[in-house]
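Each chain, written out:
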Amino acid sequence: MTGPRGTSRAGLDQGTRRRAVALSAVTAASALFALIDYDPLKLVPVNPLQAVVLLILALIAFAGTVLRLRAVLFGVGVVMIALGLIRLVTYGQGFALIAGSVGTAALLTGLGLALIGIILVGDQKTPERRAAPIGPG
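Residues numbered from 1 in each chain as written. Predicted model: local features only at pLDDT ≥ 70, side-chain atom pairs only at ≥ 80, totals over all residues. Heavy atoms only, no water.

(A) View of the overall build of the protein. Counting secondary structure elements, the protein contains 4 helices and 0 strands. Along the chain direction, N to C, the helices and strands of the protein fall in the order α-α-α-α. Of all 137 residues assigned to the protein, the portion counted as buried reaches 34%. The contacts in the protein between residues at least 6 apart in sequence include a share of 68% that link residues at least 24 apart. (Helix = DSSP H or I, 4+ residues; strand = E, 2+ residues; numbered from the N terminus. Buried < 20%, exposed > 50% of the residue type's maximum accessible area, 1.4 Å probe, protein only. Contact = heavy atoms within 4.5 Å.)

Set out below in structure tokens:
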């Protein structure tokens, strides 16, 4: 079955790909900002190990976008949400991968939800716009 412009339903349309690439870039930038030792760029406290994991997930999401693999994007989103929720549930414990603040949990969960949301919004068909009738109908 094909979707708009001949793309397969399992693949990603052009708008979804643009949004996924943009979110992958923002995720990679967040990870790189966490690795740079410059305080104004560190809006959310992310430790170096989390930054590396976030950067790897961003690269996987980018590769999934280029290859038009919806399942890869969904999987990356689920992993981000899981890491964020694990961070939230284990707050106060100091393991390297899950150490951080509630802001770290919010960042990971928010990026994961945004990635899954991009996939779901891309499935919506744009409604046709019709001119409104003028005068009595």
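(B) Helix α3 (residues 70-89), seen in detail. When the terminal C-alpha atoms of α3 are compared, their 29 Å separation across 20 residues agrees well with the 28 Å that a helix rising 1.5 Å per residue should span. Every buried residue of α3 is listed here: Arg70, Leu73, Val76, Gly77, Met80, Ile81, Leu83, Gly84 and Arg87. Along the axis of α3, the buried positions cluster into a sector of 165°, meaning they face one direction only. Exposed positions of α3 whose direction lies more than 90 degrees from the buried face are Ala71 and Val89. Where the residues of α3 are buried, they touch α1 (14-35), α2 (48-66) and α4 (102-122). (Expected span 1.5 Å × (residues − 1). Arc of directions from axis to C-beta.)

(C) Quick peek at the side chain of Ser24. You can see Ser24 is positioned in helix α1. In this structure Ser24 comes out as buried when scored by relative accessible area, which is 5%.

(D) Here's a closer look at the packing of α2 against α4. At a closest axis distance of 13 Å, the pairing of α2 and α4 adopts a crossing angle of 5°. Between α2 and α4, the interaxial angle falls into the category roughly parallel. Together, Gln50, Leu54 and Ala61 of α2 and Thr104, Leu107, Leu108, Leu111 and Leu115 of α4 make up the contact between the two elements. Here the residues of the contact of α2 with α4 are counted per class, giving 6 nonpolar, 2 polar and no charged. (Axes fitted to C-alpha atoms, helices over the stretch in contact; angles between N-to-C directions. Parallel < 35°, antiparallel > 145°, perpendicular 65-115°, else oblique. Nonpolar A, V, L, I, M, F, W, Y, C, P; charged D, E, K, R; others polar.)

(E) Spotlight on the nonpolar core. Membership of the largest hydrophobic core comes to 20 residues, with the highest contact counts inside it found for Leu54, Leu73, Val76, Met80, Leu111 and Leu115. For this core, the secondary structure elements donating two or more residues are α1, α2, α3 and α4. The leading source of residues in this core is α4, at 6 residues. Those residues in contact with Leu111, other than ones at most four positions away along the chain, are Leu23, Thr27, Leu54 and Met80. (Core = buried A, V, L, I, M, F, W, Y, C linked by side-chain atoms within 4.5 Å.)

(F) Just a nonpolar patch on the surface, in detail. There is a patch of nonpolar side chains on the surface, built from Val21, Phe62, Val66, Leu67 and Leu69 and spanning about 430 Å² of accessible area. Mapped onto the fold, Val66 is located in helix α2. For Val66, a relative accessible area of 53% translates into the label exposed. (Patch = residues over 30% accessible without salt bridge, like charges linked within 9 Å, V, L, I, M, F, W, Y side chains within 5 Å. Areas by Shrake-Rupley, 256 points an atom, 1.4 Å probe, with all protein chains shown as cover. Salt bridge = Lys/Arg side-chain N within 4 Å of Asp/Glu carboxyl O.)

(G) Examining unusual backbone geometry more closely. We note that Arg68 has phi near 60°; this positive angle belongs to a residue other than glycine. On the secondary structure map, Arg68 appears in the loop between α2 and α3. On the basis of relative accessibility, which here comes to 39%, the residue Arg68 falls in the partly exposed class.

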